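Coordinate analysis (summary)
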Amino acid sequence: MQLIQETPDLSAYLAADEAVDHHHPLVRETAAELASGVANSYEYARAAFEFVRDTIAHSQDSGDLRVTWRASEVLEQRTGICYAKAHALAALLRAEDIPTALCYQKLDVVHGLVAVRFNGAWHRQDPRGNKPGVDARFSLDGERLAFTPDPASGETDWPVLYAAPHPVVLGALKSADDRPHLWETLPTAL
């Protein structure tokens, strides 16, 4: 699948916004801690991915009822669904000047992930969190995502790389009182 930038301006994929708030002190502090133990931006990207995947619980898996959506909030509360975890990873990567896009899959509902730009190409990554049957890994040599869409079931990968969270996704997160409410209102299309 050929990934398509929503905007040709690569600097848009480094920008902060209300959800990807990489100028927040907690995001900066976390990024600095992760960067201190690595030698280059590739190793940093892998460390940031593994940090979000492994230390921030997917709220559905853990049973956490809180809904987080802002990257700093996700890092502070250590919980979030796929979209929130993607916002946190995007913020950590952008904090270290790694162009990062938000992208989506259509499964039974919209699933959120990110794409990072290395060596002139975009590479999708899924920080959702592993569990039995899900084994997402950081990779620039072929995708290792949490889920593979089933076209026979109407599932698909959307090729658009967004510089900011899609308004439908952000609206669902911001309007949910708790995770059970969010689960009833998760978007099924963008």
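Report on the accompanying structure. (Residues numbered from 1 in each chain as written. Predicted model: local features only at pLDDT ≥ 70, side-chain atom pairs only at ≥ 80, totals over all residues. Heavy atoms only, no water.)

Side note on the pairing of strand β4 (residues 100-106)
Counting buried positions over the seven residues of β4 gives seven, a clear majority of the element. Pairing between β4 and strand β5 (residues 110-118): seven bridges, direction antiparallel. Bridging from a neighbouring strand, Gln-105 pairs with His-111 of β5. As consecutive antiparallel partners, β4 and β5 are separated by three residues. With two bridges connecting them, β4 and strand β7 (residues 156-157) associate as antiparallel partners. In the sheet register, Lys-106 faces β7, and the bridge partner there is Thr-156. (Buried < 20%, exposed > 50% of the residue type's maximum accessible area, 1.4 Å probe, protein only. Helix = DSSP H or I, 4+ residues; strand = E, 2+ residues; numbered from the N terminus. Pairing = 2+ DSSP bridges.)

Side note on the pattern of salt bridges
Should their charged atoms come close, side chains of opposite charge can pair. Inspection of every chain in the model, using the stated rule, returns nine salt bridges. Ionic pairing is found between Lys-174 and Glu-18, a salt bridge with its closest N-O pair at 3.0 Å. Highlighted residues: Lys-174 in helix α6 (residues 167-175) and Glu-18 in the loop between β1 (4-5) and α1 (25-36), separated in sequence by 156 residues. Of the residues examined, Lys-174 reaches a relative accessible area of 43% and is grouped as partly exposed. The class for Glu-18 is partly exposed, based on a relative accessible area of 39%. Here Arg-144 ties to Asp-135 by a salt bridge, and the two come within 3.5 Å at their closest N and O atoms. Here the salt bridges do not stand alone but share partners, grouping Asp-61, Arg-128 and Lys-131 into one network. (Salt bridge = Lys/Arg side-chain N within 4 Å of Asp/Glu carboxyl O.)

Observations concerning the pairing of β5
Judged by how many residues are buried, β5 sits mostly within the fold: eight of nine residues are covered. Sheet topology note: the β5/strand β6 (residues 121-125) ladder contains five bridges and is antiparallel. Opposite Ala-115, over in β6, you have Arg-124 as the bridge partner. Hairpin connection, β5 to β6: the antiparallel pair is bridged by two residues, and Asn-119 has positive phi, about 55°.

A closer look at the packing of α1 against helix α2 (residues 41-55)
At a minimum axis distance of 9 Å, the contact between α1 and α2 shows a crossing angle of 125°. Considering their axes alone, α1 and α2 lie oblique with respect to each other. Viewed along their axes, α1 and α2 form a crossing whose handedness is right-handed. Only Tyr-44, Ala-47, Ala-48 and Phe-51 of α2 make contact with α1, whose side of the interface consists of Thr-30, Ala-31, Leu-34 and Ala-35. Classifying every residue of the contact of α1 with α2 gives seven nonpolar, one polar and no charged. (Axes fitted to C-alpha atoms, helices over the stretch in contact; angles between N-to-C directions. Parallel < 35°, antiparallel > 145°, perpendicular 65-115°, else oblique. Left-handed = near helix turned anticlockwise from the far one by under 90°. Contact = heavy atoms within 4.5 Å. Nonpolar A, V, L, I, M, F, W, Y, C, P; charged D, E, K, R; others polar.)

Side note on the packing of α1 against helix α5 (residues 82-95)
Where α1 meets α5, the closest approach of the two axes is 9 Å, and the angle between their N-to-C directions is 65°. Judged by the angle between their axes, α1 and α5 are roughly perpendicular. For the crossing formed where α1 meets α5, the hand is right-handed. Of α5, the residues touching α1 (which contributes Val-27, Arg-28, Thr-30, Ala-31 and Leu-34) are Ala-91, Leu-92 and Ala-95. Per-class residue counts for the contact of α1 with α5 are six nonpolar, one polar and one charged.

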